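The lines below spell out each chain.
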Amino acid sequence: TTVISLSSTITAYTIKPTEDTTLSFSTNNLDIPQSALITFFLIVDFSDGVYNITWPNTTVWGNITPTMTANAKYMFSFTKPYNENVWVANQMYSW
């Protein structure tokens, strides 16, 4: 399992899996108003090979459920209202 601990001062995170992994997002360290939207970007680096990612079961894909290949990088956005338990995710770019 890969835990991404979200921070009030960091908006982009990068992971480079070396094996199949399950992602989870922790909001425990956020210091923001409860009326806020939480948004962050995630870069997944598969430049050394592709592995399966199990996204949090609270993820709803806004555009497409991603299909990733080796030798590429992908950028995703994740957004949710502070008091909600659903992450709306979008695949933004790949290169």
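Residues numbered from 1 in each chain as written. Predicted model: local features only at pLDDT ≥ 70, side-chain atom pairs only at ≥ 80, totals over all residues. Heavy atoms only, no water.

> Could you give an account of the overall build of the protein, naming the residues involved and the relevant values?
Scanning the protein from terminus to terminus reveals zero helices and eight strands. The linear arrangement of helices and strands in the protein, starting from the amino end, is β-β-β-β-β-β-β-β. The C-alpha atoms of the protein give 13 Å as radius of gyration, which agrees with the globular expectation for 95 residues (12 Å, within 12%). The principal-axis extents of the C-alpha atoms in the protein amount to approximately 40 × 25 × 20 Å. When each of the 95 residues of the protein is scored for burial, the buried share is 38%. Of the accessible surface of the protein, which amounts to about 5600 Å², a share of 48% is contributed by carbon and sulfur atoms. (Helix = DSSP H or I, 4+ residues; strand = E, 2+ residues; numbered from the N terminus. Rg over C-alpha atoms; globule rule 2.2 N^0.38 Å. Buried < 20%, exposed > 50% of the residue type's maximum accessible area, 1.4 Å probe, protein only. Areas by Shrake-Rupley, 256 points an atom, 1.4 Å probe, with all protein chains shown as cover.)

> Lay out the sheet that holds strand β1 (residues 2-5) in plain terms, naming residues and giving numbers.
As summarised here, the arrangement of the three strands in space is β1-β3-β5, forming an open sheet in which the pairing is parallel. The sheet is open, and its two edges are formed by β1 and β5 (53-54), each paired on a single side. Sheet topology places β1 next to strand β3 (residues 21-26); four bridges connect them, and they run parallel. Its bridge partner lying in β3, Ser 5 is registered against Ser 26. (Pairing = 2+ DSSP bridges.)

> How would you explain the side chain of Thr 59 if you had to name every residue and give the values?
Of note, Thr 59 is situated in strand β6 (residues 59-61). Polar side-chain contacts of Thr 59 include one of 2.9 Å to the backbone oxygen of Pro 56. Setting aside residues no more than four positions away along its own chain, Thr 59 makes contact with Phe 78, Trp 87 and Ala 89. (Polar contact = N/O pair within 3.5 Å; in protein donor to acceptor, adjacent residues only side chain to side chain. Contact = heavy atoms within 4.5 Å.)

> Tell me what's going on with the sheet that holds strand β8 (residues 87-94), and back it up with residues and numbers.
The mixed open sheet is built from five strands, whose spatial order is β2-β4-β7-β8-β6. Two strands bound the open sheet, and with one partner strand each, they are β2 (12-15) and β6. Each adjacent strand pair in this sheet contributes to an overall mean axis angle of 30°, direction not counted. Across nine bridges, the pairing between strand β4 (residues 37-45) and strand β7 (residues 73-81) is antiparallel. In the sheet register, Phe 40 faces β7, and the bridge partner there is Phe 78. (Axes fitted to C-alpha atoms, helices over the stretch in contact; angles between N-to-C directions.)

> If you had to explain the confidence of the model for the protein to someone new, which residues and values would you point to?
Detailed reading of the predicted coordinates is not advisable wherever pLDDT falls low. When pLDDT is averaged along the protein, the result is 92; 100% of the residues meet or exceed 70. Within the protein, the element-level pLDDT minimum falls on β8, averaging 94, and the maximum on β2, averaging 97. (pLDDT = per-residue confidence, 0-100.)

> Tell me about the side chain of Thr 58, and name the residues and values.
One can find Thr 58 in the loop between β5 and β6. For Thr 58, a relative accessible area of 18% translates into the label buried. Beyond its immediate chain neighbours, meaning those up to four positions away, Thr 58 contacts Asn 85, Val 86 and Trp 87.

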